[in-house]
Amino acid sequence: METRLLRTKHKSDVAAVLRKSWYRLRLSVRHPSRVATWDAIVLTAASPEQAELYHWQLTRAKRMGRIAPSTATLAVPDPLGQRIGSGAATLHAIHALALHFRKIRGPNSQVADTGDGGSVSEGRGDGEVVDDLEQMVSYIAKKHILLLHAGGDSKRVPWANPMGKVFLPLPYLAADDPDGPVPLLFDHILAIASCARQAFKNEGGMFTMTGDVLPCFDASNMVLPEDTSCIITVPITLDIASNHGVVVASKSGDVENNVNLVDNLLQKPSVEELVKNNAILDDGRTLLDTGLIAVRGKGWVELVTLACTCQPMISELLKTKKEMSLYEDLVAAWVPAKHDWLRLRPSGEELVSRLGKQKMYSYCAYDLSFLHFGTSSEVLDHLSGAGSGLVSQRHLCSIPGTTLSDIAASAVILASKIAPAVSIGEDSLIYDSTISSGIQIGSLSIVVGINVPDVSGNAAENRFRFILPDRHCLWEVPLVECTGRVIVYCGLHDNPKISLSKDGTFVGSLGGSVATWLMGLSDKRSEDLLLLWRNASRVSLEELHRSIDFSKMCTGSINHQADLAAAVAKACISYGMLGCNLSRLCEEILQMENVGVKICNEFLDLCPTLLEQNCKILPKSRAYQVQVDLLRACNNETAACKLENKVWAAVADETASAVKYGFKEHLLDAPINIPTPACKNIGFNGSVDDSFQPRRVKVELPVRVDFVGGWSDTPPWSLERAGCVLNMAISLEGSLPIGTIVETTKTTGVFVNDDAGNELHIEDLTSISTPFDHSDPFRLVKSALLVTGIIHEYVLASVGLKIMTWAHDPRGSGLGTSSILAAAVVKALLQITDGDESNENVARLVLVLEQLMGTGGGWQDQIGGLYPGIKFTASFPGIPLRLQVIPLLASPPLVSELQQRLLVVFTGQVRLAHQVLQKVVIRYLRRDNLLVSSVKRLAELAKIGREALMNCDIDDLGDIMLEAWRLHQELDPYCSNEFVDRLFEFAHPYCSGYKLVGAGGGGFALLLAKDAEHAKKLTHLLEKDSNFDVKVYKWNIFLDK
């Protein structure tokens, strides 16, 4: 009991939960074969018009990568626009989904459609109808469905009524994507739901959520009973419970997994009711019904069967104008204590008969943070209260300078244009609006969709021409068959459910005296307008909702936000250093029909002047990538592909320039075009003045395993930003696996052979020039001859070279083999020609070499192989690029514990780094902020990891490896695969941390066991398990120079 009480006091870190959930959402959309996604997402709507709006929002979510392309999406209105309750809406939505699947599967796959809603095709007997019903139920029962109830009236959040409360703006983590659209509550719900999908595993079912709650918890940890329903609960104080549903759970159950049978359900109970029904927990709290319900197995089959034959039930509800609630009626069918009560309710007898065989369970999510958006004040609380650290106060907006306006720092301004001479008070929300000069908005106010046009004249003459008092809401909607728009106003705390006679408020006050306020119409000059307002007709919110022109509202919002994106993009190109993600902004600009492409073409015309204006500080690679993105936005794919070659050439050129100033001058030229310089190497000049003196050099190097920091070492990142990597040099199976032998020969030219049996004799050295064929097995050696200057400086005028290379580790290992082999060859060539063979010089030359080869790559691999032991390496951008290698003085106990606990495992999955690398580099050149923040974090983790190892905190290193692995998958989801996922899942109970080495995609994995005993056990299990054809290598830290 003590453990349970402690757990009830622990709440999850909302920021950490959301980041993990968003990570899983992105992964499930980008790589659904690895991380399962929903087969269908269904939203309920109050009317066909609202359903059309929701359909647009679902399409938007797919376009933005919130929903996988393979996921079916559906917005289902209540039939005939008449309210039938959330329970009946659930059945109606499942039935609509069945009809949708029948349609896309073809005419031979039918679902029974009986009652007033329609009929089965003529000529089909009852037996065929039954067969069709069974077939469709069987089909849907295997699917994973997310159902989101979003069809409410939003009476207590009336400004969200036009858009739907689930689509209200919620700029949590918006700073992670500063050039993207404003995040919505719906987007965050999808992120949480993506984790819930993992809890279902392979068993079909449905997960139901409500559109006004963001349940922040790791839903992947849910334990869902099979073949039945499960309601998610969280302990809550009694005052909050009195406004929500309460679940009474059995005292016995699966305590370890927090699963208990549901004994009863209470709706907005008083304390007396809670006591009477034994609903109060030992700590004085009770279990809140979060609105999250999971149905699986047999329970799901029975629910689908009922839904596919529910039309008579729904017709009766429509006829009698009654409603069936999900949280009172439908759910009660799974709770025996509610059956007697339910039988007296509409269709209650049938619900008990059809669903009552299964029982409902409760899963208590102790760490769940229940963020309710049921009122306007709650919305502002979540933006300015405990969650304010998550909130981006300014996002995709145009705001005047601090000397031209009075805007509170705590005001949240999203997708809006604010003119000078505007005042906005503390903790107010401005969204999707244009606010012109002379407007004063008070504190704790909400303004949505308002477009106040500018008027001519000096604003100073009339200091404020519009004043919105504190704690009020203002929004604007277009109406059907109406050229104008209606502005609607209410008090922040107005609640239509509370009458004025019971101390309810109207437009913010007890009496509703608004005439003296209305748009500042309190002076004699405005008496005519005031009279006009008093005599105007009144409509209810429900009537207003039915009159909204949703199509016009969507179009207006799209154009407004696209216009803002275009303004940001234009400023970025015209005045800035291209720090914005133009590709992301263009996605929004292109939403403007007909005009979007034209705007992108205008931006393209500005590009030729970019390098002229900023040639000394703007990288060419970035400038070219901007043009590529704009060309693609303009549908000119041919020109974009052609220009991409310039992007990669510019990266290579910039890398060469940074490594050694002036080095790039003749690097890409064929040797025949270069004048012969005076030979710099006196000791080896290739002359034949004396008898031939043979020379032979052998270089052997270890491989490297990286703990964290990779990608921060890769150009062009490392050329523009600091990089930090923590890695370690190791031997495999008792030997150094990588090496080369270089020796001089009397015969001129270069003879090359490798351990794969490939041989090449290069007689004419002038034939060595870039670009190299990617299938050329000798491009590494050829590039080494170029970067060392041997060819260009005519060192081999009278002698030749024989170069032999080998790498005794598996191909595609991820251990930095290519770069370390390049380092060995470069070092050997410099040794034999008496060049600068220092590790720092070799490391920088290999950086250029990999650009010439076309593989890209950073400096960490060669550093890992050239320097012994464990080291922390930092790079500092500039000309030349500076590297600082800091060896960690590993104590014998640290070395011993690492070698006992760390498993170096070859997965058998071959990978090729440059395939991943190219995607990552392009995202960086686009200034993808998610990538930038991820690489920054990797570099920061390298510093933290260094401290952990210096303090011998190997468990902390495991946590760092896990976070690094998550970040690598953010950079590219294909850095892992299904086999690697299964391997890590298998190893998880035995490990403190794990990750693939290098860029991922296969190769070697590092498994850091919890201790030496776990390491031995895991090694034994891996070696004997036929499901994993892997090899656990013997390894040692390479400490000798």
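Everything numeric here is computed off the predicted structure, so don't read it as measured data.

Cut-off values and rules
- Residues numbered from 1 in each chain as written.
- Predicted model: local features only at pLDDT ≥ 70, side-chain atom pairs only at ≥ 80, totals over all residues.
- Heavy atoms only, no water.
- Helix = DSSP H or I, 4+ residues; strand = E, 2+ residues; numbered from the N terminus.
- Buried < 20%, exposed > 50% of the residue type's maximum accessible area, 1.4 Å probe, protein only.
- Areas by Shrake-Rupley, 256 points an atom, 1.4 Å probe, with all protein chains shown as cover.
- Pairing = 2+ DSSP bridges.
- Axes fitted to C-alpha atoms, helices over the stretch in contact; angles between N-to-C directions.
- Contact = heavy atoms within 4.5 Å.
- Core = buried A, V, L, I, M, F, W, Y, C linked by side-chain atoms within 4.5 Å.
- Salt bridge = Lys/Arg side-chain N within 4 Å of Asp/Glu carboxyl O.
- Parallel < 35°, antiparallel > 145°, perpendicular 65-115°, else oblique.
- Left-handed = near helix turned anticlockwise from the far one by under 90°.
- Nonpolar A, V, L, I, M, F, W, Y, C, P; charged D, E, K, R; others polar.
- Phe/Tyr/Trp six-rings, centres within 6.5 Å; stacked < 30°, edge-to-face > 60°.
- Expected span 1.5 Å × (residues − 1).
- Polar contact = N/O pair within 3.5 Å; in protein donor to acceptor, adjacent residues only side chain to side chain.

A. Focus on the overall build of the protein. Looking only at helices and strands, the protein has 33 helices and 37 strands in total. When each of the 1041 residues of the protein is scored for burial, the buried share is 58%. Approximately 43700 Å² of the protein is accessible, and the part contributed by carbon and sulfur atoms is 51%.

B. Representation of the pairing of strand E35 (residues 1004-1009) within the structure. Of all the 6 residues making up E35, 6 are buried; the element is thus mostly covered by neighbouring parts of the structure. Here E35 shows a buried face lined by Phe1004, Leu1006 and Leu1008 and a second buried face lined by Ala1005, Leu1007 and Ala1009. Note that strand E34 (residues 991-996) and E35 share 5 bridges and pair antiparallel. Along E35, the bridge assignment pairs Lys995 with Leu1006.

C. The sheet that holds strand E33 (residues 902-906), seen in detail. Within the open sheet, the 4 strands sit side by side as E34-E35-E33-E36. Their pairing is antiparallel. In the strand order of this sheet, the two ends are held by E34 and strand E36 (1031-1033), each with one partner. With strand direction ignored, the average angle separating the axes of adjacent strands in the sheet is 25°. Relative to the sheet, helix H31 (residues 954-971) contacts E34 and E35, its axis offset from that of E34 by approximately 40°. Helix H32 (residues 978-987) rests against E34 and E35 of the sheet, and its axis sits at about 165° to E34.

D. Region of the structure containing the sheet that holds strand E14 (residues 412-414). What the 6 strands build is an open sheet, ordered E12-E14-E17-E20-E22-E23; its pairing is mixed. Two strands in the sheet have a free side with no partner beyond their single neighbour: strand E12 (394-395) and strand E23 (485-491). With 2 bridges joining them, E12 and E14 adopt parallel strand pairing. When the sheet's bridge partners are listed, Arg394 is paired in E14 with Ile413.

E. Representation of the nonpolar core in the model. Ranked by internal contacts, the top residues of the largest apolar core, which has 240 residues, are Trp159 and Leu214. The contacts of Trp159, once residues within four sequence positions are left out, are Leu168, Pro169, Ser376, Val379, Leu429, Ile446, Val448, Cys473 and Trp475. Ile231, Val262, Leu287 and Val304 belong to the second largest nonpolar core, which has 58 residues in total.

F. Representation of the pattern of salt bridges. Applying the stated criterion across every chain, the model contains 38 salt bridges. The residue Arg34 makes a salt bridge to Asp981 at a minimum N-O spacing of 2.6 Å. In this pair, Arg34 sits in the loop between helix H2 (14-30) and strand E1 (40-45) while Asp981 sits in helix H32, placing the two residues 947 residues apart along the sequence. By relative accessible area, Arg34 is classed as buried at 12%. Close ionic contact of Arg695 with Asp834 constitutes a salt bridge, the shortest N to O distance being 3.2 Å. Of this pair, Arg695 sits in the loop between helix H22 (637-659) and strand E24 (696-701) while Asp834 sits in the loop between helix H25 (817-832) and helix H26 (839-853), placing them 139 residues apart in sequence. Residue classification places Asp834 among the partly exposed residues on the basis of a relative accessible area of 41%. One connected set of salt bridges, linked through shared partners, spans Arg704, Asp706, Asp861 and Lys995.

G. Spotlight on the packing of helix H24 (residues 779-787) against H25. Between H24 and H25, whose axes approach to 10 Å, the crossing angle comes to 45°. Here H24 lies oblique to H25, going by the angle between them. Relative to H25, the crossing made by H24 is right-handed. Two secondary-structure elements touch here, H24 through Leu780, Ala784, Leu785 and Val787 and H25 through Ser818, Leu821, Ala822, Val825, Val826 and Leu829.

H. Summary view of unusual backbone geometry. Cis geometry marks the peptide bond from Pro715 to Pro716, where omega comes out at 5°. Position of Pro716 among the secondary structure elements: in the loop between strand E25 (703-708) and helix H23 (717-720). With an omega dihedral of 0°, the bond running from Ile879 to Pro880 counts as a cis peptide bond. Along the chain, Pro880 falls in the loop between strand E31 (870-876) and strand E32 (882-887). Even without being a glycine, Lys321 presents a positive backbone phi close to 55°. Along the polypeptide, Lys321 turns up in the loop between helix H10 (311-320) and helix H11 (326-330). Under the relative-accessibility criterion, Lys321 is labelled exposed at 68%.

I. Main features of the packing of helix H19 (residues 595-606) against helix H21 (residues 620-633). In the contact formed by H19 and H21, the axes pass within 9 Å of each other and the chain directions differ by 155°. When the interaxial angle is binned, H19 and H21 end up roughly antiparallel. Of the two elements, H19 crosses H21, and the hand of that crossing is left-handed. Together, Val597, Cys600, Phe603 and Leu604 of H19 and Gln627, Leu630, Leu631 and Ala633 of H21 make up the contact between the two elements. Among the residues forming the contact of H19 with H21, the class breakdown is 7 nonpolar, 1 polar and no charged.

J. Region of the structure containing the packing of aromatic side chains. What the rule picks out here adds up to 13 aromatic pairs. Taking the centre distance of 5.8 Å and the plane angle of 70° together, the rings of Trp38 and Phe200 count as edge-to-face. With Trp38 in the loop between H2 and E1 and Phe200 in helix H6 (residues 185-200), this residue pair connects regions lying 162 residues apart in the sequence. We note that Trp38, like Phe200, is buried. Ring geometry for Phe986 against Phe1028: centres 5.1 Å apart, planes inclined by 50°, an arrangement best described as tilted. You can see Phe986 sitting in helix H32 and its partner Phe1028 sitting in the loop between helix H33 (1012-1024) and E36, a full 42 residues away along the chain.

K. Summary view of H2. End to end, H2 covers 24 Å across 17 residues, agreeing with the expected 24 Å (1.5 Å per residue, within 8%). Among the residues of H2, those classed as buried are Val14, Ala15, Val17, Leu18, Ser21, Trp22, Tyr23, Leu25, Leu27, Ser28 and Val29. Buried residues in H2 make contact with H6, strand E5 (213-216), strand E11 (369-372) and H31. The N-capping residue of H2, defined by a side-chain oxygen 3.1 Å from the backbone nitrogen of Ala15, is Asp13.

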